[in-house]
Amino acid sequence: MLRAHVMLAPRAAPGAALLPRGPRPSPRRRRADLVPRGADGGERRGARYGLADLVALSVASTVGSGVFSLAGRVASQEAGPAVVLSLGIGAMGCLLSATAYAELASRVVAAGSVYAYAQATGLGRSAMAVAALCLIVEYSWSCAAVSVDWSGKLLRADFGLPFLQVLDPAVLLVLFCTGLLINGTKASRLFTNVSTVAKVGLILFLIATALMAFDAKNLQPFIPEEYGISGILRGAIDSFFGFLGFDAVCALALDTKDARRVVPNALFLGLFVSGGLTCLAGFALVSAVPASRLDPAAGFVSAFEILGNDFAAAVVTVGELLVLPVVAFGCLLPLGRLLCCLAEDGFLPAPLARRDASDEPLLATLLGGAATAICAGLVPFEDLNDICSAAVLSCFILASVSAVVSRQEGALQEQLRGLLAVFVPCTFFCLLLLSPRWTTDTALAP
Ligand SMILES: NC(=[NH2+])NCCC[C@H](N)C(=O)O
């Protein structure tokens, strides 16, 4: 039997005190507040994450291919110096979805992200099932895709490590991330924070080094004739992947102090930092060398080679390998919590809902890690990428419709729910059918 994990409740219910301060919500929205069952506002005992941790996690799981692969690729093949506009449009698209996530996260404290939002707004079991499936695919397959991409870079760098001939580095990375998660919050938080600081440091180094070679001539013409506006928009679609991952923080709501305030703030702050760094890196790249001379597969490395700065090129090659694993980790972290939440609701076998002494979903994390390692070892990269993109888009659609439905009342809300019970699954299957056509050969092909 399905056990309601979150539910609609009147404003006076326990937990309402945790609603964010600031401008008072309109009376209409106040009546539709969504609060989790339980008198503690939904937080688990010993909620351990704060704003800085969540922003670090958001940047950790978001900043990656946008800087290291997509900026160079879009600049050299689709938009020229106007790559900055492509990146900006991609970031704006994610920011719009982030507003829906933030509104819901300020009203629902649960580990299930879009799944919990669909549940709390009463979208019905089919929408909840689609949400759960999309989230599992998003977390697990994007972790596998990032690991496969990282493994390709490692093998190309050819450090002469004999055991890499036998063991697949992508599988090893997923197992490493799983091991860290099992080790508990302390190890995970340390790894995330240290890797994020290193990643931000590396990107600031890239930006500063590239800007030192700034030449305004490289930005002329800003929109090359052969690419035009359509090139900028194609580039925006490709760069979209570079901004995904910001929603990972929603899955940590139960582990966060004052989640209703902290999670929405972390969503925006994380996306601002990630978006700002990625756009600035794109600008620095095309201002340092002519976009047409960049190697689409090796963005910054090729730029520094053209500039004759071998030291910077070596720093990027090694630095990228060191800081990318945290992107895979950021994808895997929410997966165990989601599986645990699904088990609590009766969608998955009950043992998966078990938590260890420090309240970590041990079995669910192990299962999620093992399944992801198998995907990383067996599924071709393009398939991972296509299905993952379809799943993420479905999650964004679900978050937006949940936000819209939760603002309505009475008969209109009922009608919308009925409509969406059909619309959501249909959209998901259409996206699945269409995905190979519009995402193959985009983003991170190794
Ligand atoms: N939850 C996700 N979809 N994660 C994928 C994150 C990928 C990350 N933005 C990158 O460019 O490497």
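Please refer to the structure higher up on the page.
So, here's what we can say about the structure. None of the values given here were measured: they were computed from a predicted structure.

## Remarks on the overall build of the protein
Thinking step 1. In terms of helices and strands, the protein carries 16 helices and two strands.
Thinking step 2. Evaluated residue by residue, the protein yields a buried proportion of 58% over its 446 residues.
Thinking step 3. Put simply, of all contacts in the protein between residues at least 6 apart along the chain, 83% involve residues at least 24 apart.
Thinking step 4. Taken as a whole, the protein presents about 17,800 Å² of accessible surface, with 68% of it coming from carbon and sulfur.

## Remarks on the packing of aromatic side chains
Thinking step 1. A full pass over the atoms with the stated rule returns 10 aromatic pairs.
Thinking step 2. On the numbers, 5.9 Å between centres and 75 degrees between planes, the contact of Y115 with F347 is edge-to-face. You can see Y115 sitting in helix 5 (residues 114-120) and its partner F347 sitting in the loop between helix 13 (325-344) and helix 14 (362-378), a full 232 residues away along the chain.
Thinking step 3. Overall, the relative accessible area of 0% leaves Y115 in the buried class.
Thinking step 4. Ring plane angle 40 degrees and centroid distance 5.9 Å describe the contact between F300 and F304, whose orientation is recorded as tilted. Taken as a pair, F300 and F304 lie in helix 11 (residues 299-306) at a separation of four residues, close to a single helical turn. For the pair F300 and F304, a shared accessibility class is recorded, and that class is buried.
Thinking step 5. Cluster of aromatic residues (ring-pair linked, three or more members): Y101, F240, F246 and F396.

## Things to note about the state of the cysteines
Thinking step 1. Following the criterion strictly, the structure yields zero disulfides and no others.
Thinking step 2. Of all cysteine sulfurs in the structure, the one in C177 sits closest to C143, which takes part in no disulfide; the separation is 5.5 Å.
Thinking step 3. Cysteine C340 is unpaired, with the sulfur of C341 as its nearest cysteine sulfur at 7.3 Å.

Rules of the game
- Residues numbered from 1 in each chain as written.
- Predicted model: local features only at pLDDT ≥ 70, side-chain atom pairs only at ≥ 80, totals over all residues.
- Heavy atoms only, no water.
- Helix = DSSP H or I, 4+ residues; strand = E, 2+ residues; numbered from the N terminus.
- Buried < 20%, exposed > 50% of the residue type's maximum accessible area, 1.4 Å probe, protein only.
- Contact = heavy atoms within 4.5 Å.
- Areas by Shrake-Rupley, 256 points an atom, 1.4 Å probe, with all protein chains shown as cover.
- Phe/Tyr/Trp six-rings, centres within 6.5 Å; stacked < 30°, edge-to-face > 60°.
- Disulfide = S-S within 2.5 Å.

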